[in-house]
Amino acid sequence: LGKDIISLPECHSTNDVAMEKIKSREAAEGTIVITEKQTKGKGQRGNVWESQEGKNLTFSLVLSPKFLQPMQQFDLNIAISIAIHELLSEYVSGLKIKWPNDIVHETDGKVGGILIENIIGQGCLEFSIAGIGLNINQRFFENLSATSLANLSGFDFDKWEIFKLLIHKIEINYLELKKGNLKKMYQYYLNNLFRYQEWASFSDSENFVGMIIGVQDDGRLIIQKEDGSQNYYAVKEVGFL
Ligand code: BTN
C-alpha cells in the first residue's frame, strides 16, 4: 500500500478525489490521495471534517477488498481502526475506539475519524475508499470535543513518520483480513472499545441506558439494557453524559 501517492496541496475531499480517480481508472489498489487542506472534508453521517491546514493527516487509501462480501464491510472498519489505535497508543495513553470507528481519548475528545466509502461489485466490495483524518499537531479547535496528539502529549509530532508507520500497520491488518484472520482483530477492537461492558447512556431515536456487550457481524452494537433484554443498535451517540 502507498506505492502510488497523489499528493495535493488542496482539494475538496480526498475521498471524492479517490472516487474520481477510481472511476477514471487512474487509481488502483494501494493508491493514496493525501492533502494539506480540504475545503469540503466529509465526516460520517453527513458531517463536515474540519482540519487546520498543514497540521494534521487527511488522506484516503484505495483498497479493493474483493474477498469481502458487502455484508462484511464492517470488518474493514475493524482492521483499520485498530491499526490507528495501536499506532497512536504508542505515543499517548488513554485512547479508545468509539463505535463505529472514532479514535477518542477517554476524557479529552476525538483525535481521529474514518470514513469508508464502498463501490459494490458482483457480490463483493470492488473498491473501498478508506478516508482517514487524524489530528496530529493542531492545537486549537473550534469543536470542543476535538483534540490532537500534540494537545494530549504536549509535544509536536513528525506527521510523516506517523503516516509511514500507519500505512505499514494498515497493510499488515489488511493482509490478515484477506487471510480470514479477523478473530484477533475483533477481540482487540472490543477490548479497546469506548464504554465496552460499562453502563452508559446511548442516544438513538430516544436516549437509554445500556451496556455494550459485543458487535454484530453487520457492525451493529449488541447492547444489553437494565431489564436484561438485548438488542442490536446503530446508535447515534455512545456514552454521552
Ligand atoms: C468522521 O469521524 O466523521 C470521519 C472523518 C473522516 C475524515 C477524513 S479526512 C480524509 C478523508 N476525506 C474526507 O473528506 N473525509 C476523510
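Quick note: structure is the one above.
Peer 1: Pulling in residues and values, what's your account of the overall build of the chain?
Peer 2: Along the chain, the regular secondary structure elements total five helices and 12 strands. Its C-alpha atoms give the chain a radius of gyration of 17 Å, within 12% of the compact-globule value 18 Å for 241 residues. Principal-axis analysis of the C-alpha atoms gives the chain an extent of 55 × 45 × 30 Å. In the chain, buried positions account for 37% of the 241 residues. Summarising the internal contacts of the chain: among those between residues at least 6 apart in sequence, 60% fall at separations of at least 24.

Peer 1: Explain the sheet that holds strand E5 (residues 102–105) to me, using residue names and the numbers behind them.
Peer 2: Strand order across the open sheet formed by seven strands is E1-E2-E3-E7-E6-E5-E4, with mixed pairing between neighbours. The sheet is open, and its two borders are formed by strand E1 (5–8) and strand E4 (95–98), each paired with just one other strand. Taking each pair of neighbouring strands and ignoring which way they run, the sheet shows an average axis angle of 15°. Direction of pairing for strand E3 (residues 57–63) relative to strand E7 (residues 125–134): antiparallel, over a ladder of seven bridges. Paired with Leu-63 across the two strands is Ser-128, which belongs to E7. Lying over the sheet, helix H1 (residues 14–23) contacts E1, strand E2 (32–35), E3, strand E6 (109–120) and E7, oriented at roughly 25° with respect to E3.

Peer 1: Requested: an account of the site of the ligand, with residues and values cited.
Peer 2: In the neighbourhood of the ligand, 20 residues make up the surrounding shell, with Ser-13, Gly-43, Gly-113, Gly-131 and Gly-133 lying closest. Sorting the residues of the shell around the ligand by element identifies H1, E3, E6 and E7 as the ones contributing at least two each. Class assignment of the residues belonging to the shell around the ligand gives a composition of five nonpolar, 13 polar and two charged.

Peer 1: Tell me about the environment of Gln-44, and name the residues and values.
Peer 2: With respect to the helices, strands and loops of the structure, Gln-44 is situated in the loop between E2 and E3. Judged by C-beta crowding, with 14 C-beta atoms within 10 Å, Gln-44 ranks as partly exposed. Along the primary structure Gln-44 and Gln-122 are separated by 78 residues, whereas in three dimensions their C-alpha atoms are 25 Å apart.

Peer 1: So, the nonpolar core: which residues are in play, and what are the values?
Peer 2: Counting 53 residues, the largest nonpolar core has Ala-18, Val-62, Ala-79, Ile-80 and Ala-130 as its most contacted members. No other element matches helix H2 (residues 73–88), which puts nine residues into this core. Domain assignment of the residues forming this core places at least three in each of domain 1 (5–191) and domain 2 (199–240). Setting aside chain neighbours within four positions, we find Ala-79 in contact with Asn-173, Tyr-174, Leu-177 and Met-185.

Peer 1: Pulling in residues and values, what's your account of the pairing of E5?
Peer 2: Burial of E5 is two-sided: the residues Asp-102 and Val-104 facing one way and the residues Ile-103 and His-105 facing the other way are all buried. Sheet analysis places E4 next to E5, joined by four bridges and oriented antiparallel. Bridge pairing in E5 places Ile-97 opposite Ile-103. Connecting E4 to the antiparallel partner E5 that follows it, the hairpin turn spans three residues. Where E5 lies against E6, three bridges are found, and the strand directions are antiparallel. Note on E6: the bridge partner recorded for Ile-103 is Gly-112. Hairpin remark: E5 followed by E6, antiparallel, with three residues in the connecting loop.

Peer 1: Would you mind going over the pairing of E1 in detail, with residue names and values included?
Peer 2: Walk down a regular strand and you will see the side chains alternate between the two sheet faces. Looking at chain direction, E1 and E2 are connected through four bridges and run parallel. In the strand pairing of E2, Ile-6 is matched with Val-33. In terms of handedness, the path from E1 via H1 over to E2 forms a crossover that is right-handed.

Peer 1: I'd like a description of unusual backbone geometry, backed by residues and values.
Peer 2: Across the chain, the bulk of peptide bonds are trans and the bulk of non-glycine residues have phi less than zero. Between Trp-99 and Pro-100 the backbone carries a cis peptide bond, its omega angle lying at 0°. By the element assignment, Pro-100 lies in the loop between E4 and E5. Backbone geometry at Gln-197 places phi at a positive 55°, although glycine is not the residue there. Residue placement: Gln-197 occurs in the loop between helix H5 (183–191) and strand E8 (199–203).

About the thresholds
- Residues numbered from 1 in each chain as written.
- Predicted model: local features only at pLDDT ≥ 70, side-chain atom pairs only at ≥ 80, totals over all residues.
- Helix = DSSP H or I, 4+ residues; strand = E, 2+ residues; numbered from the N terminus.
- Rg over C-alpha atoms; globule rule 2.2 N^0.38 Å.
- Buried ≥ 20, exposed ≤ 12 C-beta atoms within 10 Å, placed from the backbone.
- Contact = placed C-beta atoms within 7 Å.
- Pairing = 2+ DSSP bridges.
- Axes fitted to C-alpha atoms, helices over the stretch in contact; angles between N-to-C directions.
- Near = placed C-beta within 6 Å.
- Nonpolar A, V, L, I, M, F, W, Y, C, P; charged D, E, K, R; others polar.
- Core = buried A, V, L, I, M, F, W, Y, C linked by C-beta atoms within 7 Å.
- Domains from an automatic or database assignment.
- Right-handed = clockwise from strand over helix to strand, strands pointing away.

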